[in-house]
Amino acid sequence: MTRHGKNSTAGTVFTYHERQKASSAGGYGLQEKRLGKDSLKDFDCCCLTLQPCREPVVTPEGYLYDKESILEYILHVKKDYARQMKEYEKQKNKEQAEKEELGAAEYESKVDKFVSKERSIVSEPHNPFKNNDQPGPSRQVKTAATNAKILPSFWIPSLTPAASKTLLKKPDKTAYCLMSGQPLKLSNLIPIQFTLVKDPDDKKSLIAKEARYMCAVTHDILSNAVPCAVLKTSGNVVTMECVEKLIKKDMIDPTNGKRLTDKDIIPLQRGGTGFASSGNKLNAKLAKAAMAVA
């Protein structure tokens, strides 16, 4: 073993390599991992279930969802909103009741203060031969009130700090897209249809096939490595190469002959390919508690 070997643990100093090795083994600090192809979803898979879509719909931003899954998600958001709204109304009613109690207590304290002042008025004539060192009634009342506020022990429950609950904010009833963060509405979801690859010799099931779908116009095989787009007028999926070379010349949908605009061509957000040049973030990071060494 060399003197500067990385696995040398005979030194008196906790080296940087040893710290990194201990952090990765014990799960401390920032954990990083390079994602491979198996960790990325296919272009025809739902962003919620990560499974091939049975009834695919796409958002205006190009994110693909299964219709059943996205409906369940929107219903879950509505139910959660109703539950949070009940808790918010309960908190609001409680705050209103506390304000009313404080108002009533403040009014009672003002009444008591006024009565105590009225009682402390001296109505007897002044006697010059009386000893004036003794405190009068008003001074006695003030002294008693001051002593009542001073408690002998700091561990008395009335002196300990009270942990108040976190105030709830008014919940938002809008369902947001989990991928883009934009408001999600059923009216904005566009149903699409993939063109199946017709191969009579291939007896595999649709999920087991690697080449499942093709371009509706050029019949090119679709995959994560092929940029795709959705034609809003027909719901067909075509390649971006077909859009640039064929469709954008006349701006007519080749499948049904309808006129197209730039908004009717929605780029489909596809999964990564496992290569860094695909433009996807392939480094997963998770921040955990740092390891403290004395």
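See the structure above.
From a predicted model like this one, the values you see are computed outputs, not experimental measurements.

*Asks:* Help me out: how do you make sense of the overall build of the chain in this one?
*Replies:* Secondary structure assignment for the chain yields four helices and 10 strands. The order of helices and strands in the chain, counted from the N terminus, is α-β-β-β-α-α-β-β-β-β-β-α-β-β. Buried positions account for 24% of the 294 residues belonging to the chain. Sequence-distant contacts, at least 24 apart, represent 53% of the contacts inside the chain between residues at least 6 apart. Accessible area of the chain: about 22,500 Å², with a carbon and sulfur share of 54%.

*Asks:* So what exactly am I meant to see when it comes to the nonpolar core here?
*Replies:* Counting residues in hydrophobic clusters, the biggest one holds 37 residues, and the most contacted among them are Tyr65, Val237 and Ile247. When residues of this core are traced back to their parent elements, those giving at least two are β2 (56-58), β3 (64-66), α2 (67-119), β7 (228-231), β8 (237-239), α4 (240-250) and β9 (265-267). In contact with Tyr65, not counting residues within four places along its chain, are Cys46, Cys47, Leu48, Cys53, Glu55, Pro56, Val57, Thr59, Ile70, Cys177, Leu178 and Met179.

*Asks:* Explanation requested: unusual backbone geometry in the structure shown.
*Replies:* With glycine set apart, most residues show a phi of negative sign, and most peptide bonds adopt trans. For His219, which is not glycine, the phi torsion reads 65° and is therefore positive. Structurally, His219 is set in the loop between β6 (213-214) and β7. Using a relative accessible area of 47% as the deciding quantity, one classes His219 as partly exposed.

*Asks:* Can you help me understand the side chain of Asp44 in this one?
*Replies:* Within the fold, Asp44 resides in the loop between β1 (30-34) and β2. Among the polar contacts made by the side chain of Asp44, one reaches the side chain of Arg212 at a distance of 2.9 Å. Not counting residues up to four positions away in its chain, the partners in contact with Asp44 are Gln51, Pro52, Cys53, Leu64, Phe194, Arg212 and Tyr213.

*Asks:* Mind showing me how you'd approach the packing of aromatic side chains here?
*Replies:* Note on aromatic pairs: each is described by the distance of the centres and the angle between the planes. Going through the model one piece at a time under the given rule, you end up with three aromatic pairs. When the ring of Phe43 is compared with that of Phe194, the centres are 5.9 Å apart and the planes differ by 80°; the resulting orientation is edge-to-face. With Phe43 in the loop between β1 and β2 and Phe194 in the loop between β4 (190-191) and β5 (195-196), the pair connects residues that are 151 residues apart, well separated along the chain. Overall, Phe43 belongs to the buried group, its relative accessible area being 6%. Taking the relative accessible area as the measure of exposure, Phe194 reaches 14% and is therefore buried. What links up through ring pairs into an aromatic cluster is the set Phe43, Phe194 and Tyr213.

*Asks:* For this particular structure, what's the right way to read the sheet that holds β2?
*Replies:* To summarise the sheet geometry, strands pair through backbone hydrogen bonds and adopt either a parallel or an antiparallel arrangement. Overall, antiparallel pairing links the three strands, which are arranged β3-β2-β4 in an open sheet. Strands at the two margins of the open sheet, each flanked by one partner only, are β3 and β4. Examined bridge by bridge, β2 and β3 share three bridges and lie antiparallel to one another. Residue Val57 lies in a different strand from β3, and its bridge partner there is Tyr65.

*Asks:* It is not clear to me how the sheet that holds β8 should be interpreted in this structure. Could you clarify?
*Replies:* Overall, antiparallel pairing links the three strands, which are arranged β8-β7-β9 in an open sheet. A strand with exactly one partner marks an edge of an open sheet, and here the two such strands are β8 and β9. If you compare each strand with its neighbour and ignore which way they point, the axes differ by 35° on average. Of the strand pairs in this sheet, β7 and β8 are connected by three bridges, and their pairing is antiparallel. Residue pairing across strands places Val230 opposite Val237, the latter belonging to β8. Sitting on the sheet, α4 touches β7, β8 and β9, and the angle it makes with β8 is about 80°.

Conventions and cut-offs
- Residues numbered from 1 in each chain as written.
- Predicted model: local features only at pLDDT ≥ 70, side-chain atom pairs only at ≥ 80, totals over all residues.
- Heavy atoms only, no water.
- Helix = DSSP H or I, 4+ residues; strand = E, 2+ residues; numbered from the N terminus.
- Buried < 20%, exposed > 50% of the residue type's maximum accessible area, 1.4 Å probe, protein only.
- Contact = heavy atoms within 4.5 Å.
- Areas by Shrake-Rupley, 256 points an atom, 1.4 Å probe, with all protein chains shown as cover.
- Core = buried A, V, L, I, M, F, W, Y, C linked by side-chain atoms within 4.5 Å.
- Polar contact = N/O pair within 3.5 Å; in protein donor to acceptor, adjacent residues only side chain to side chain.
- Phe/Tyr/Trp six-rings, centres within 6.5 Å; stacked < 30°, edge-to-face > 60°.
- Pairing = 2+ DSSP bridges.
- Axes fitted to C-alpha atoms, helices over the stretch in contact; angles between N-to-C directions.

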